[in-house]
Amino acid sequence: MNSSANFSHIYVESEIRSDPRTEGILARFPDSHVILVQRGSDVFNRPRQSFSAQKKSRSLILARKHGTLFYHGAPVCHSFHASRFFYTTTAVGCLFDCEYCWLKGIYASASLMIFINQEDYFRELEELLKDGSLFLSLSYETDLFAVEELTGHIHAWASFAREHPDLVLEIRTKSSRTDLFRCFENCPNVIVAYTLSPQSVITAFEHHTPSLSKRIQAVRKALAEGCTVRLCLDPLIKVNGWRKEYEALTDTLDQEIDLSRIKDVSIGSYRQSEPYQRRMRKRFPYSAVIQYPYETEDGYCVYSDHREIDQWMRGLLERYMEKEKIFSLEDCE
Ligand code: SF4
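Quick look at the structure, then. (Residues numbered from 1 in each chain as written. Predicted model: local features only at pLDDT ≥ 70, side-chain atom pairs only at ≥ 80, totals over all residues. Heavy atoms only, no water.)

### Observations regarding the sheet that holds strand E6 (residues 91-92)
Quick note on the threshold: For two strands to count as paired, DSSP must find a minimum of two bridges between them. We count a stretch as a helix when DSSP gives it H or I for four or more residues in a row; a strand needs E for two or more, and each element gets its number in order from the N terminus. Between two residues, a contact is recorded if the distance between any of their heavy atoms is within 4.5 Å. Every axis in this analysis is a line fitted to C-alpha atoms, fitted for helices over the stretch in contact. Angles between the N-to-C directions lie between 0 and 180 degrees.
Judged by pairing direction, the sheet is mixed, and its five strands sit side by side in the order E2-E1-E3-E8-E6 without closing on themselves. Two strands in the sheet have a free side with no partner beyond their single neighbour: strand E2 (33-37) and E6. Pairing geometry for strand E1 (residues 9-13) and E2, over five bridges, is parallel. The partner of valine 12 across the bridge, within E2, is leucine 36. Sitting on the sheet, helix H1 (residues 20-27) touches E1, E2 and strand E3 (59-63), and the angle it makes with E3 is about 165°.

Rendered as structure tokens:
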């Protein structure tokens, strides 16, 4: 687990206090102050919180997820031609700290909230699968690799996917850990999707995440262990000299990774829902990536030349791999 995971306070919903999974997590943090609450979401969503202050002293919330468990994928997320595209959140909040992360626009809290009722997700998903195969993205609101010791979610979902070949599961990550690949054995329908950025973007905006070279090492190991691997060059950020930066990135990927063994690559320049962007602008007045003068198009903040950027990126990647393996947002509409 990420070394920054120290929780000053742990809020636990009363109804799950005696659940063995709760007990297991609490046992890892004997020095944390445990507070029983009715609803974890009330703590997570309480008003007048400071995201920046909470990052320095983070709380953990253990809860049961109620209500909707599976959401239809948004049009600005890649569906990879899947006719049925969903995402779900089994944890909210991230131990990494990307400046551009949409969580900063949705939530005021930097806490990590873990939902422990996996069985409810699996029950509902089995119902959804009765209507046919589907693509499910698991980690839009956290990085599950970084918190696997706490949640066990990756192991649980891999087992579920092994028994349900109609399910295509994507676990997106920036993690460099390589000790979890064994649980994807006989799971070709589980896609480990690595978000890769030029090191200059990582240094400037993807705080506390592994370096590019460590992520590439993880990709190589994942391939060597037979995992299905996707690369996500997304979001593309226009740092100074961005074309050269992304050319260098793709050159490096070509030299370091056998790209013929990669399932596919997704590309996409920065985009953010306009209300989230507005909130982020208020909360982070000194962030260059948040304060950039984006244009608003169909309710999303985007670069004014986002179509040209995506086309340029596609052309760049086509030097190295079959074009059928490259997905931009336009392909997914
Ligand atoms: S790794 Fe993903 S979820 Fe975590 S902070 Fe970065 S963008 Fe957000």
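### Concerning the pairing of strand E8 (residues 112-115)
Filter applied, for reference: A 1.4 Å probe rolled over the protein chains alone gives each residue an accessible area, and that area as a share of the maximum for its type sets the label: buried under 20%, exposed over 50%, partly exposed in between.
The alternating pattern of E8 places Leu112 and Ile114 and Met113 and Phe115 on opposite faces, both of which are buried. Inspection of the sheet shows E3 paired to E8 by four bridges, in the parallel sense. Within E8, the position partnered with isoleucine 61 by the bridge is methionine 113. Examined bridge by bridge, E6 and E8 share two bridges and lie antiparallel to one another. The residue bridging alanine 91 from the neighbouring strand is isoleucine 114, located in E8.

### Remarks on the packing of aromatic side chains
Applied cut-off: Centre distance within 6.5 Å is the pairing criterion for rings of Phe, Tyr and Trp, where only the six-membered ring of Trp is used; planes under 30 degrees apart are then read as stacked, over 60 as edge-to-face, and the remainder as tilted. Only Lys NZ and Arg CZ are tested; either one counts as a charge over a ring when it is within 6 Å of the ring centre and within 35 degrees of the ring normal.
Within the structure shown, the criterion is met by 19 aromatic pairs. A centroid spacing of 4.9 Å and a plane angle of 50° characterise the contact between tyrosine 292 and tyrosine 294, whose relative ring orientation is tilted. In textbook terms, an aromatic cluster arises when at least three aromatic residues are bridged by ring pairs, as seen for Phe70, Tyr121, Phe122, Trp157 and Phe160. Stacked on the ring of phenylalanine 115, the Lys or Arg lysine 65 has its end atom at 5.6 Å from the ring centre. In this arrangement the basic side chain of arginine 243 is found over the ring face of tryptophan 312, its NZ or CZ atom lying 5.3 Å from the centre.

### Here we look at the sheet that holds strand E14 (residues 264-269)
Read across the sheet, eight strands follow the order E4-E5-E9-E10-E11-E13-E14-E18 without closing on themselves; strand pairing throughout is mixed. Edge positions in the sheet fall to strand E4 (70-72) and strand E18 (326-327), since each has one partner strand and no second. Pairing of strand E13 (residues 228-236) with E14, which is carried by five bridges, proceeds in the parallel orientation. When the bridges of E14 are listed, cysteine 232 appears paired with serine 266.

### Regarding the nonpolar core
How we decide: The term nonpolar core refers to a set of buried residues drawn from Ala, Val, Leu, Ile, Met, Phe, Trp, Tyr and Cys, joined through side-chain atoms within 4.5 Å.
Ranked by size, the top nonpolar core spans 106 residues in total, and within it Leu125, Phe184, Tyr194, Leu231, Ile237, Tyr246 and Ile262 carry the most contacts. In terms of residue count, the dominant contributor to this core is helix H9 (residues 212-224) (six residues). Membership of the second largest hydrophobic core comes to six residues, among which are Phe80, Phe85, Tyr140 and Phe327.

### Focus: helix H5 (residues 118-129)
Spelled out, the test is: In this analysis, the expected span of each helix is defined as 1.5 Å times one less than the number of residues it contains.
The end-to-end C-alpha distance of H5, which contains twelve residues, comes to 16 Å, matching closely the 16 Å that a straight helix rising 1.5 Å per residue would cover. Listed as buried for H5 are Gln118, Asp120, Tyr121, Phe122, Leu125, Leu128 and Leu129.

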